[in-house]
Amino acid sequence: MTYCLAIHVEAGLVFCSDSRTNAGTDHVNTYSKMHEFVLPGQRFFCLLSSGNLATTQVVVQRLRQDLETPSAQNLWSVPSLAAAADYVGWLSADVQRVQAGRDTANTVFEASFILGGQIAGDAPGIYLIYPQGNYIHESADHPFLQIGEIKYGKPILDRVVQPALSLEAAARCALVSMNSTIRSNLTVGPPIELGIYRTDSLQLGECLSLLDDDPFYKAIADGWSAGLARALEELPRFPWEDGASS
């Protein structure tokens, strides 16, 4: 399985992904699910991938190949982020059709993507691209998107993420969300990749690749657990807890 998420706050974007692929107990491997495309000073894209590994790898390969073909539609020629999401969705659907057409084992070739970034002169944004090729974007009321094993990491995002949050706080929130997922689902695992994009920089900023034993990652995970324990103790008491007769 996979867990990837992207957060859009006023100061920029945060991207976070695990690196585990799982095709059964004997086929657990590590592959990066975060892919960057940068045209210095003009546009920046980050693509997070989830689903069939064969599909996601071919989609990324074709995106890079199209950049070397001036006559082809590509990430350097699309006029907007929405057009970029539409282009990635079309590529993904096409790759899935080709893969399924030569399959004899009823394999599921579906893949989902989160595409985020900025084109010079426009605002940054993030898009979730479904296996069918259609897509949605984030909003001020819902400033994050997830793909893969989303349920375990969603509660922290729902409670904390809002547009005014700082990039660093959003990045810590992303790591807590990822840690909550890893603790609950063994098919999601490190290395964890974290990338921060600052609005109008048109390049990826701070990047981290974290293993389970990384001191910073452990401090984030332990600090969150301890904070939850403290918060639980500070919640209001039931009526029978205070002054109850023995």
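The structure this text deals with has already been given above.
Residues numbered from 1 in each chain as written. Predicted model: local features only at pLDDT ≥ 70, side-chain atom pairs only at ≥ 80, totals over all residues. Heavy atoms only, no water.

A. Structural context of the overall build of the protein. The helix and strand inventory of the protein stands at five helices and twelve strands. Here the C-alpha radius of gyration of the protein, 20 Å, is about what a compact globule of 246 residues would show, namely 18 Å. By principal-axis analysis of the C-alpha atoms, the protein measures approximately 80 × 45 × 30 Å. Entry remark: accessible area of the protein is about 12,500 Å², with carbon and sulfur atoms responsible for 53%. For the protein, the separation between the mean place of its 16 positive charges and that of its 27 negative charges on side chains is 3 Å. (Helix = DSSP H or I, 4+ residues; strand = E, 2+ residues; numbered from the N terminus. Rg over C-alpha atoms; globule rule 2.2 N^0.38 Å. Areas by Shrake-Rupley, 256 points an atom, 1.4 Å probe, with all protein chains shown as cover. Lys, Arg positive; Asp, Glu negative; His and termini not counted. Charge placed at Lys NZ, Arg CZ, Asp CG, Glu CD.)

B. Seen up close, the environment of P190. For P190, the position within the fold is in the loop between α4 (167-184) and β11 (192-198). Classification of P190 as buried rests on a relative accessible area of 13%. Sequence separation of P190 and L210 is 20 residues, and the distance between their C-alpha atoms is 6.9 Å. Every residue in contact with P190, bar those within four places of it in the chain, is listed here: S19, R20, T30, I182, L210, L211 and D212. (Buried < 20%, exposed > 50% of the residue type's maximum accessible area, 1.4 Å probe, protein only. Contact = heavy atoms within 4.5 Å.)

C. A look at the pairing of strand β8 (residues 125-129). With respect to burial, β8 is a largely interior element, five of its five residues being buried. Across five bridges, the pairing between strand β7 (residues 111-119) and β8 is antiparallel. When the bridges of β8 are listed, L115 appears paired with Y127. As consecutive antiparallel partners, β8 and strand β9 (residues 135-137) are separated by five residues, and within that stretch G133 has a phi angle of approximately 100°, a positive value. (Pairing = 2+ DSSP bridges.)

D. Fine view of the pattern of salt bridges. One pass over the full model with this rule turns up eight salt bridges. For the salt bridge of D94 with R97, the shortest nitrogen-to-oxygen distance reads 3.6 Å. Of this pair, D94 and R97 both sit in helix α2 (residues 81-101), separated by three residues, roughly a single helical turn. Among the salt bridges present, the one from R237 reaches E233, with a minimum N-O distance of 3.5 Å. On the basis of relative accessibility, which here comes to 40%, the residue R237 falls in the partly exposed class. Here the salt bridges share partners, and the residues they tie into one network are R62, D94 and R97. (Salt bridge = Lys/Arg side-chain N within 4 Å of Asp/Glu carboxyl O.)

E. Fine view of the packing of aromatic side chains. Summed over the entire model, instances satisfying the criterion amount to four aromatic pairs. With a centroid separation of 5.7 Å and 70° between ring planes, the pair formed by Y127 and Y135 is classed as edge-to-face. You can call Y127 buried: its relative accessible area is 13%. On the accessibility criterion, Y135 (30% relative accessible area) is partly exposed. (Phe/Tyr/Trp six-rings, centres within 6.5 Å; stacked < 30°, edge-to-face > 60°.)

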